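An overview of the molecular structure
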Amino acid sequence: LILSHTDNDHIGSAYEILDKFNVKNIVRPIVKSIHINFDETLNFNNIADYSTLNEEYYANLLIKIYEENANVYVADYKNIDLLNDAFDNEDCNIEFYIPKYYTSSNFNDFSTVLTITHMGQTLMLTSSMSSINESIVESAQIDGVSSITF
């Protein structure tokens, strides 16, 4: 389960998915919630340096995520190798493209962009990509992607 960023239209059904399916791996945004304390104590490569979100739904979703028996990954550029390795197997490869710096309070800037390659076909999922994400994608040499138009 990949939660690209904190907008409700991107995480709104995650709670139900976690209730209905046995999710083994979860990628969550680096945005922390002010409603819960465990984000302050977990070591997410200085998550305290990033934005907080004052929405109860997001807080409840994070609580649910950490109650699951799943591997939880934070979408942080410092974790990019860990993420890419965790989601790489012989049938399918997922590559993550994550901003290194967050310079605004626009939560779309925290969007995780990814490519999924399966059977020689590559699909890019852009979420609510902002100009920060666009520059990352434009500068990346992405296998299977010959041109990108924004």
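Residues numbered from 1 in each chain as written. Predicted model: local features only at pLDDT ≥ 70, side-chain atom pairs only at ≥ 80, totals over all residues. Heavy atoms only, no water.

Considerations on the overall build of the protein
Note the threshold: The secondary structure listing takes helices from DSSP runs of H or I that are at least 4 residues long and strands from runs of E that are at least 2 residues long, numbered from the N terminus. When a residue's accessible area, from a 1.4 Å probe over protein chains only, is under 20% of the maximum for its type it is buried; when over 50% it is exposed; and in between it is partly exposed. When checking whether two residues touch, look at their non-hydrogen atoms; a contact exists if any pair is within 4.5 Å.
Assigned secondary structure in the protein consists of six helices and seven strands. Taken from N to C terminus, the helices and strands of the protein fall in the order α-α-β-β-α-β-α-β-α-β-β-β-α. Burial statistics for the protein: of 150 residues in total, 39% are counted as buried. Once local pairs closer than 6 in sequence are excluded, the contacts in the protein between residues at least 24 apart make up 52%.

Observations regarding the pairing of strand β6 (residues 113–118)
Put simply, the rule is: When DSSP finds two or more bridges between a pair of strands, those strands are recorded as paired.
Bridge count for strand β5 (residues 92–97) against β6 is six bridges, and the pairing is antiparallel. Paired with Y97 across the strands is V113, a residue of β6. Once β6 ends, the chain turns through two residues before running back antiparallel as strand β7 (residues 121–125), passing M119 with a positive phi of about 50 degrees.

Here we look at the pairing of β7
Pairing between β6 and β7: five bridges, direction antiparallel. Each residue of the ladder has a partner; that of T117, found in β7, is T122.

Quick notes on the packing of aromatic side chains
The description of an aromatic ring pair rests on the distance of the ring centres and on the angle between the ring planes. What counts is decided by this rule: Only centres within 6.5 Å qualify two rings of Phe, Tyr or Trp (six-membered ring in Trp) as a pair; their planes then separate them into stacked at under 30 degrees, edge-to-face at over 60, and tilted for everything else. Counted as over-ring charges are cases with an Arg CZ or a Lys NZ within 6 Å of the ring centre that also lie within 35 degrees of the ring normal.
One pass over the full model with this rule turns up two aromatic pairs. The interplanar angle of 65 degrees and the centroid separation of 5.7 Å between the aromatic rings of Y73 and F87 together place this pair among those described as edge-to-face. Note that Y73 is positioned in strand β4 (residues 71–75) and F87 in the loop between α5 (80–86) and β5, a separation of 14 residues in sequence. Judged by its relative accessible area of 12%, F87 is buried. Pairwise contacts between aromatic rings join Y73, F87 and F96 into one cluster. The ring centre of Y15 lies 5.6 Å from the NZ or CZ of K64, which sits over that ring.

Overview of the confidence of the model for the protein
The condition is simple: One number per residue, pLDDT, summarises how confident the predictor is, and it ranges from 0 to 100.
Residues with a pLDDT of 70 or more make up 65% of the protein, whose mean pLDDT is 75. Mean pLDDT per element in the protein: helix α3 (residues 38–41) is the minimum at 54, and helix α2 (residues 14–20) is the maximum at 92.

Side note on the environment of T122
Applicable threshold: N or O atoms closer than or at 3.5 Å make up a polar contact, with two conditions inside protein: a donor-capable atom paired with an acceptor-capable one, and, for residues adjacent in sequence, both atoms drawn from side chains.
With respect to the helices, strands and loops of the structure, T122 is situated in strand β7. The spatial distance from the C-alpha of T122 to the C-alpha of C92 is 9.9 Å, given a sequence separation of 30 residues. At a separation of 3.0 Å, a polar atom in the side chain of T122 contacts the side chain of T117.

A few points about the nonpolar core
Our working rule: Buried residues of nine kinds, namely Ala, Val, Leu, Ile, Met, Phe, Trp, Tyr and Cys, make up a nonpolar core once their side-chain atoms join them within 4.5 Å.
By size, the foremost hydrophobic cluster in this structure holds 15 residues, and its most contacted members are L3, I11, L18, I26, Y58, L61 and I65. Among the elements of the structure, α2 and α4 (56–67) are those that each provide at least two residues to this core. The contact partners of I65, leaving out residues within four places of it in the chain, are L3, L18, I26 and V72. A75, F87, F96 and L114 belong to the second-largest nonpolar core, a separate cluster that totals nine residues.

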